[in-house]
Amino acid sequence: MNCGNMQANGEEQDRDSELSCRNGAQNGESSSVGAAHSNGLLSVTNNGNAVSNNNGVPAQPVSNNNSTSDTNSGVKKKKRLSQSEEDVIRLIGQHLNDLGLNQTVDLLMQESGCRLEHPSATKFRNHVIEGEWDKAESDLNELKALMHSPSAIVRMKFLLLQQKYLEYLEDGKVLEALQVLRAELTPLKYNTERIHILSGYLMCSHADDLRAKAEWEGKGTVSRTKLLDKLQTYLPPSVMLPPRRLQTLLKQAVELQRERCLYHNTKLDSGLDTVSLLLDHACSRKQFPCYTQQILTEHCNEVWFCKFSNNGTKLATGSKDTTVIVWQVDMETQQLKLMKTLEGHAYGVSYLAWSPDDTYLIACGPDDCSELWLWNIQTGELRTKMSQSHEDSLTSVAWNPDGKRFVTGGQRGQFYQCDLDGNLLDSWEGVRVQCLWCLTDGRTVLASDTHQRIRGYNFEDLTDRNIVQEDHPIMSFTVSKNGRLALLNVATQGVHLWDLQDRVLVRKYQGVTQGFYTIHSCFGGHNEDFIASGSEDHKVYIWHRRSELPIAELTGHTRTVNCVSWNPVLPGLLASASDDGTVRIWGPAPFLDVQDAEGLNGVRSENGVEKTIATYSGEFSVRSNGASRLLFDPNRSFLISLSSPKLPG
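Looking up the chain in an unreviewed UniProt entry gives the name WD repeat-containing protein 26, with the organism given as Amphiprion ocellaris.

Okay, here's the thing in structure tokens:
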């Protein structure tokens, strides 16, 4: 996009047919307002000189002593706008135009000497919005010379004729629609499959039927505006800006700031209405689950495992004390209370797995345990107690996505696929299993084994393949919801992130102490952007998925932390199980300063003005009324406002 300077004799050098901006005003002086024209060019006068007319041809000046008078008055020449300055002016102009501030746009274009879009594009836009299809089609011939890809004209013409065809059908003009289909659309020899679909709309009995089948808004401004948005994608931005370009850029900037924020852990509206563009996005550590909310002490021995249900409403914990405790999560206060205690696991409980619908819970024991328990959580009854052989070791389990089957195995050399009654469906011999996972395809089972690898096993075609190979024993692993990433706890090495599709090691996370204990890590937080793991140094470590260094080290446990689980629904709730016999529930800071809350979305509250402040647990609508400080209880139980007393006098 180039700019040419207006010449003193009234002649303009038009170096490029795609010019989008022209400078001609004196620096620091506004040109007198002229008339705005539909082709995007303006008629402007400056100190009596005609600058241009509505055809873009320079008019003859009234006098030739303008530059002399300017020099005598001490006015400096206006500097030439840079490319970025021109772009910004056009973006602002487009946004103002979308808001209906047309006179403001005219004045902006006049004072800057810029052009919002090429006159041919303006003419084309008007004809499309008005439904003048023959004129719009004729405009394409003018635009063809301005396009980088002239072949795109065929695609644009197809879109125009498709709209024309549908509008004829809606108006009941079947013969005219048929003529468009046969004589105009078909000869283009483009997208014949779509033409066949369009021909089927001839059978629609009424307009509502047509709109439903065509998934079309009907004749009018709405559908034509959507059509124009599609057509604009084929035009260079120097000719016509992409629709809502400024909003698109601002959204991208906001999203980029959120992505770079190490503590961002909330799902916010992708629109711009909920954020302030006046502040950079920044989340405080106080909003992150780094603070102990509850300590669950009902177990009377080491707690080996913990796992939130898929719907986030329950937490199951397994212990060396031979019990499983199921806790109810209050989704409002985010407090947990004991719901059920499941007893009778003679060897203790070292692994738990919820069924996809959270109806059942399977409990497994340590290495010397040959039994497996399948509980109905709704009734609290034991549905199945399974044991294939006393020599078996059933230490890990994974549910098939259909919820009707599961796989289980251990380090004695085999693993099985069973139904809900414990009946054996299939088995795989010669595999010493450390950990299991079923992929969402319903066919592939991932198993880590004693050969320091993870292999994929297909029970349908009885094939297996190597996916991950480590140099040290894989103590446990878990897989992201989309099945793309695997998180491994590797003996003496720590936590490793693997890409299962590309079969490459993505990242090694630092800080955690991992020996030969079985420690279970997890993905969690909004969009599974975070990773948490227990550690033999009694801490819980949290990393942002893209950062090798921990962003939080949680202290409080007094012995090894065996397992962590992030609530899949409440991104601010994390549980950890430890050999110290406790389960800790982690959440944001007990009291959240209003300034910290603002960091979530950049919304600022001002005295007497109602603003929405989003926290991890919901939204508060607050009127500060002069309070100098607001403190929030994250459980939303109460709000404290602090203000300085007014001194007399």
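Back to the write-up after that little detour.
Engineer: Explain the overall build of the chain residue by residue, including any values.
Structural biologist: When helices and strands are tallied, the chain shows 12 helices and 37 strands. In the chain, buried positions account for 50% of the 649 residues. Counted over contacts in the chain with a minimum sequence separation of 6, partners at least 24 positions apart contribute 49%. When the accessible area of the chain is evaluated, it comes to approximately 30,600 Å², of which 47% is carbon and sulfur surface.

Engineer: Before we move on, could you go through the sheet that holds strand β5 (residues 291-296) and cite the residues and values that matter?
Structural biologist: One open sheet holds the 4 strands; their spatial order is β5-β32-β31-β30, and the pairing between them is antiparallel. Two strands bound the open sheet, and with one partner strand each, they are β5 and β30 (561-566). On average, adjacent strands in this sheet sit at an angle of 25° to one another, irrespective of strand direction. Sheet analysis places strand β31 (residues 574-578) next to strand β32 (residues 583-587), joined by 4 bridges and oriented antiparallel. Residue pairing for β32: alanine 577 is matched across the bridge by valine 583.

Engineer: Give a detailed account of the packing of helix α2 (residues 83-98) against helix α11 (residues 245-260), specifying residues and quantitative values.
Structural biologist: Here α2 crosses α11 at 110°, and the two axes come no closer than 8 Å. Between α2 and α11, the interaxial angle falls into the category roughly perpendicular. Facing α2, whose interface residues are Leu91, Gln94 and His95, α11 presents Arg245, Leu246, Gln247 and Leu249. Residues of the contact of α2 with α11, tallied by class, amount to 3 nonpolar, 3 polar and 1 charged.

Engineer: Could you give an account of the environment of leucine 146, with specific residues and numbers?
Structural biologist: With respect to the secondary-structure elements, leucine 146 resides in the loop between α5 (133-144) and α6 (152-170). Overall, leucine 146 belongs to the buried group, its relative accessible area being 4%.

Engineer: Residue-level account of the packing of aromatic side chains, with values.
Structural biologist: Between two aromatic rings, the relevant description is the distance of the centres plus the angle of the planes. Evaluation of the coordinates by the stated rule reveals 15 aromatic pairs. With centroids separated by 4.8 Å and ring planes inclined at 65°, the aromatic side chains of phenylalanine 288 and phenylalanine 530 adopt a geometry described as edge-to-face. Of this pair, phenylalanine 288 sits in the loop between α11 and β5 while phenylalanine 530 sits in strand β27 (residues 530-533); the two residues are 242 residues apart in sequence, bridging distant segments of the chain. Since its relative accessible area comes to 0%, phenylalanine 288 is described here as buried. Relative to tryptophan 543, the ring of tyrosine 541 lies with its centre 6.1 Å away and its plane at 20°, an arrangement referred to as stacked. The burial state of tyrosine 541 is the same as that of tryptophan 543; both residues are buried. An aromatic cluster of three or more residues is present, and its members are Tyr263, Phe288, Phe530 and Trp566.

Engineer: Go over the pairing of β32, please, and point to the residues and values.
Structural biologist: Of all the 5 residues making up β32, 5 are buried; the element is thus mostly covered by neighbouring parts of the structure. The alternating pattern of β32 places Val583, Ile585 and Gly587 and Arg584 and Trp586 on opposite faces, both of which are buried. The pairing of β5 with β32 spans 5 bridges and is classified as antiparallel. Bridged to threonine 292 within β32 is tryptophan 586. Hairpin remark: β31 followed by β32, antiparallel, with 4 residues in the connecting loop; positive phi at glycine 581, about 85°.

Definitions and limits used
- Residues numbered from 1 in each chain as written.
- Predicted model: local features only at pLDDT ≥ 70, side-chain atom pairs only at ≥ 80, totals over all residues.
- Heavy atoms only, no water.
- Helix = DSSP H or I, 4+ residues; strand = E, 2+ residues; numbered from the N terminus.
- Buried < 20%, exposed > 50% of the residue type's maximum accessible area, 1.4 Å probe, protein only.
- Contact = heavy atoms within 4.5 Å.
- Areas by Shrake-Rupley, 256 points an atom, 1.4 Å probe, with all protein chains shown as cover.
- Pairing = 2+ DSSP bridges.
- Axes fitted to C-alpha atoms, helices over the stretch in contact; angles between N-to-C directions.
- Parallel < 35°, antiparallel > 145°, perpendicular 65-115°, else oblique.
- Nonpolar A, V, L, I, M, F, W, Y, C, P; charged D, E, K, R; others polar.
- Phe/Tyr/Trp six-rings, centres within 6.5 Å; stacked < 30°, edge-to-face > 60°.

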